[in-house]
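# Inside the fold
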Amino acid sequence: MQTVLVTGGVGFIGSNFILKARKEQWANIINLDKLTCACNPQTLAKLQDDAGYHFVQGDIGNAELVRDLLERYQPSAVINFAAESHVDRSILNPQDFIQTNVLGAFQLLEASKQYWERLSAQQRESFRFLHVSTDEVYGSLSPTDSAFREDTPYAPNSPYAASKAGSDHLVRAYFHTYGLPTLITNCSNNYGPYQFPEKLIPLIILNALQGRSLPIYGDGQNIRDWLYVTDHCEALYLILQSSRIGETYNIGGNNEQTNLTVVEKICAILDELVPTNDRYSSLITFVSDRLGHDRRYAVDCSKINRELGWQPNENFDSGLLKTIQWYLSHPIWVQQVQSGAYQTWIQQNYGDKVTVLSR
Ligand code: NAD
Ligand code: TYD
């Protein structure tokens, strides 16, 4: 079985990918993760006796460590999930985003190139560097604009999106200049198990269950396209197996929703599953908007559908129900992530947000 170096594999999407990769025997995995405060190492505890899984705590920006791991484990692919990934955090502290998403990605690319150059001709041919990126690099759409395509010009608006755009450009340049066999994916908003509750869907689920207010930025009419996380993981595996090098693929759920609709759907499911005296929607609170808040994202994923036959399996209602059931049945995981550092973040991000209107 092939060995893959996964970076950032303790985070939300990476951990879902690793759990699936081990379950389906896609690959042996070396997982390099710095363990920033936005992840929970317990997510992968069930793999601790799995001989096909090895965890290393470290930074993708540590060139010596990455070189050493590549030489020691001889992977046939690198999948880069490692990133600072939260727009709100990037607004409060952009420096970490440049450090990991741009400079860290550069060090990872450079070490991968040096490793790849020393492989045999056959191994060089099959090696892949897959960089996992976001639809946010394309900027914001108006209600009538057509969805992002792979040739939509980059126009990132947040420090997060700009840092991801920077790394995408470096990956592209390493293919064009050195021939490193790279792939880039630009995916829409993911949701599902193991997502840290600083992102909209898990934050709303857990706030509702704990009787806290449900903060909606601005007028709640911002639109995101939502994809269930395992659909994303399957797309990544397919791309790794079958696509042409140097390609970029958009991945999305064909599922545009306003934030207010997402929150109302969560409330309606919770009303059924965990009824209380009052409806959960009474906790909805409109708060002051995120700075530079992108209005709408939408992804045209006809290329991956046409070339690789991929399409999402989960629809939003079934995916949301599964996600809520997962958070309800994993109270220990929830307790672990809502610790001291999390409380500090909640205070920092929401402490100075003004309530505009409570329902
Ligand atoms: P996440 O924040 O849950 O996980 C990121 C992981 O990277 C964490 O485990 C963290 O410890 C690790 N990490 C951070 N800095 C590191 C460093 N310097 N060295 C090694 N590890 C480091 O993020 P996620 O939601 O799982 O996103 C994974 C990737 O997918 C990111 O690159 C993100 O930009 C991209 N993406 C995310 C979404 C989404 O909706 N979550 C959508 C599209 C693309
Ligand atoms: P988020 O989950 O942070 O993802 P992204 O910013 O990468 O799209 O936010 C999703 C949407 O939800 C975004 O438009 C901002 C909004 N949002 C709120 O309205 N309230 C919140 O408390 C959070 C975290 C997000």
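The preceding data block contains the structure.
Throughout this document, residue positions are counted from 1 along each chain, in the order its sequence is written. Here the convention is simple: chains get letters from A, ligands get numbers from 1, in the order in which they are written. Given that the model is predicted, a residue must reach a pLDDT of at least 70 before its local features are reported, and side-chain atom pairs must reach 80 or more before they are shown or counted; all residues, however, enter totals for whole chains, interfaces and linings. Note: side-chain values were computed over all heavy atoms of the structure, leaving out hydrogens and water.

## Overview of the site of ligand 2
- Around ligand 2, 17 residues are found, and the nearest of them are Glu136, Arg224, Arg290, His293 and Tyr350.
- Polar contacts, as used here, are pairs of N or O atoms within 3.5 Å; protein pairs need one atom able to donate a hydrogen and one able to accept it. Residues neighboring in sequence count only if both atoms are side-chain atoms. One of the side-chain N or O atoms of Asn189 is found 2.9 Å from an oxygen atom in ligand 2.
- Considered on its own, ligand 2 offers 510 Å² of accessible surface; in the complex 97% of this is hidden by protein.
- Per the convention used, a helix needs a DSSP run of H or I reaching at least four residues, while a strand needs a run of E reaching at least two, with both numbered from the N terminus. For the shell around ligand 2, the elements supplying multiple residues, two or more each, are helix H3 (87-92), helix H7 (200-209) and strand S8 (214-217).
- The biggest single contributor to the shell around ligand 2 is S8, with three residues.
- For this classification, Asp, Glu, Lys and Arg are treated as charged, while Ala, Val, Leu, Ile, Met, Phe, Trp, Tyr, Cys and Pro are nonpolar and the rest, including Gly, are polar. Looking at side-chain class alone, the shell around ligand 2 contains seven nonpolar, four polar and six charged residues. The cutoff for a nearby residue is simple: one of its non-hydrogen atoms must lie within 4 Å of the molecule or strand. Per-residue and other accessible areas follow the Shrake-Rupley method at a 1.4 Å probe size, with only the shown protein chains counted as cover for residues.

## So, the site of ligand 1
- Around ligand 1 lies a shell of 27 residues, among which Ile13, Asp33, Ser85, Tyr160 and Lys164 are the nearest.
- With respect to ligand 1, the backbone of Lys34 contributes an N or O atom lying 3.1 Å from a nitrogen atom.
- Relative to its unbound accessible surface of 830 Å², ligand 1 loses 96% to contact with the protein.
- Those elements giving two or more residues to the shell around ligand 1 turn out to be helix H1 (12-23), strand S5 (128-134), helix H6 (159-178) and strand S7 (189-191).

## Looking at the pairing of S5
- Burial within S5 is extensive, with seven of its seven residues counted as buried.
- The rule is simple: take the accessible area with a 1.4 Å probe, protein chains only, and divide by the maximum for that residue type; under 20% is buried, over 50% is exposed, in between is partly exposed. Side chains Arg128, Leu130, Val132 and Thr134 project from S5 onto one buried face, and the interleaved Phe129, His131 and Ser133 project onto a second face that is buried too.
- Between any two strands, pairing holds if DSSP finds at least two bridges. Pairing between strand S4 (residues 77-80) and S5: four bridges, direction parallel. Bridge pairing links Ala77 to Arg128 in S5.
- Relative to strand S6 (residues 182-187), S5 is paired through six bridges, and the arrangement is parallel. Along S6, the bridge assignment pairs Phe129 with Thr182.

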